[in-house]
Amino acid sequence: CHAHTLPVDLDGDERLDHVIVYASMGLSEAAQSAIRSLRRTWTKGGVGELQVAVVGAGELEMLRDLPHPLNKHITSILGPPSGARVWESLTPFVAPKTVVQRFKRSIEGQVNRELANRGLPEAQQIEILAELTKDLRHYVRRRSRGGTPPRADTGFGLRLTFAEPIQGPLLLGYASHYGLGHFGAL
């Protein structure tokens, strides 16, 4: 397992304002110390240097206790306390392998494999949402330097329906450790 960095807009102003570092296995003291030592970062073509401060550490459920307006979108990220059956793409799902129409390499096969790798149940239904796919087309879906690029530079807007509610965050596919493949609870 690896840590996921999840850029989010917690106050609802349509601008990223926080980064959640999520590691289902927890973070070692060394990793936590490295995160706490970060003081600034930059954006591509953005406003210049950004100040960084750790505002909390611990269990994901602690995010539900953030003050308003920062708690505005937590239910979308985590799902309600009892979990959610339906999850929809907030960022594009990029398949880790070349997509073919059948079997394990289909979108359905790759999504369910990603779910199994995370110890989650198979999705009962997987819908490709054409309009959402179109809306998500401007996301950067590949690394500009280094790393292995995706097999195909194609992102999909998906709606996943499960037989039973699951807890989030739900992060699947290529570059899900960097914010792609992020699903929100409906």
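Residues numbered from 1 in each chain as written. Predicted model: local features only at pLDDT ≥ 70, side-chain atom pairs only at ≥ 80, totals over all residues. Heavy atoms only, no water.

Describing the pairing of strand β1 (residues 4-8)
In the case of a regular strand, side chains alternate between the two sheet surfaces.
Item 1. Alternating positions in β1 separate cleanly, H4, L6 and V8 being buried on one face and T5 and P7 remaining unburied on the opposite face.
Item 2. The pairing of β1 with strand β2 (residues 18-22) spans five bridges and is classified as antiparallel. The residue of β2 that forms the bridge with T5 is V21. (Buried < 20%, exposed > 50% of the residue type's maximum accessible area, 1.4 Å probe, protein only. Helix = DSSP H or I, 4+ residues; strand = E, 2+ residues; numbered from the N terminus. Pairing = 2+ DSSP bridges.)

A short note on helix α3 (residues 107-117)
In an α-helix there are 3.6 residues to a turn, and that puts residues three or four apart on one side.
Item 1. The complete set of buried residues in α3 reads I107, Q110, V111, N112, E114 and L115.
Item 2. Phi turns positive, to about 75 degrees, at G119, one or two residues after α3.

Observations concerning the environment of Q110
Item 1. With respect to the element layout, Q110 can be found in helix α3.
Item 2. For the pair Q110 and A95, spaced 15 residues apart in sequence, the C-alpha to C-alpha distance is 6.7 Å.
Item 3. Among residues more than four places away in sequence, those in contact with Q110 are A95, P96, K97, T98, V99, K104 and R105. (Contact = heavy atoms within 4.5 Å.)

Some remarks on the pattern of salt bridges
In a structure, side chains of opposite charge can pair up when their charged atoms sit close to one another.
Item 1. Applying the stated criterion across every chain yields a total of five salt bridges.
Item 2. The shortest N-O distance in the salt bridge between R36 and E29 comes to 3.9 Å.
Item 3. Using a relative accessible area of 37% as the deciding quantity, one classes R36 as partly exposed.
Item 4. The exposed category is assigned to E29, whose relative accessible area is 57%.
Item 5. Residues E127 and R159 are paired through a salt bridge, measuring 3.7 Å at the closest nitrogen-oxygen approach. Of this pair, E127 sits in strand β6 (residues 125-128) while R159 sits in strand β7 (residues 158-166), and the two are 32 residues apart along the sequence.
Item 6. Judged by its relative accessible area of 25%, R159 is partly exposed.
Item 7. The network of salt bridges with common partners includes E88, E127 and R159. (Salt bridge = Lys/Arg side-chain N within 4 Å of Asp/Glu carboxyl O.)

Here we look at the sheet that holds strand β9 (residues 182-185)
Item 1. Strands sit in the order β6-β7-β5-β9-β8 across an open sheet of five strands; the sheet is antiparallel. The open sheet has two edge strands with one neighbour each: β6 and β8 (170-171).
Item 2. Against the sheet, α3 makes contact with β6, β7 and β8, and its axis sits at roughly 125 degrees relative to β6, the strand it touches most. (Axes fitted to C-alpha atoms, helices over the stretch in contact; angles between N-to-C directions.)

With respect to unusual backbone geometry
Item 1. That bond from G168 to P169 is cis: its omega, 5 degrees, falls within 30 degrees of zero.
Item 2. In the Ramachandran plot, A175 falls in the positive-phi region, its phi being about 60 degrees despite a non-glycine side chain.
Item 3. As for its position among the elements, A175 is in the loop between β8 and β9.

Notes on a positive patch on the surface
Item 1. Residues K97, K104, R105 and R113 make up a contiguous surface patch of positive charge.
Item 2. With respect to the helices and strands, R105 occurs in the loop between β5 (84-89) and α3. (Patch = residues over 30% accessible without salt bridge, like charges linked within 9 Å, V, L, I, M, F, W, Y side chains within 5 Å. Areas by Shrake-Rupley, 256 points an atom, 1.4 Å probe, with all protein chains shown as cover. Lys, Arg positive; Asp, Glu negative; His and termini not counted. Charge placed at Lys NZ, Arg CZ, Asp CG, Glu CD.)

Observations concerning the side chain of T161
Item 1. Here T161 is to be found in strand β7.
Item 2. On the accessibility criterion, T161 (11% relative accessible area) is buried.
Item 3. Filtering out sequence-adjacent residues up to four positions away, T161 remains in contact with R85, V86, A123, Q124, Q125 and E127.

Remarks on a nonpolar patch on the surface
Item 1. Nonpolar side chains collect at one region of the surface, where V19, V21, I35 and V54 lie side by side and expose about 280 Å² of accessible area between them.
Item 2. Along the polypeptide, V21 turns up in strand β2.
Item 3. Residue V21 is classed as partly exposed on the basis of its relative accessible area, which comes to 34%.

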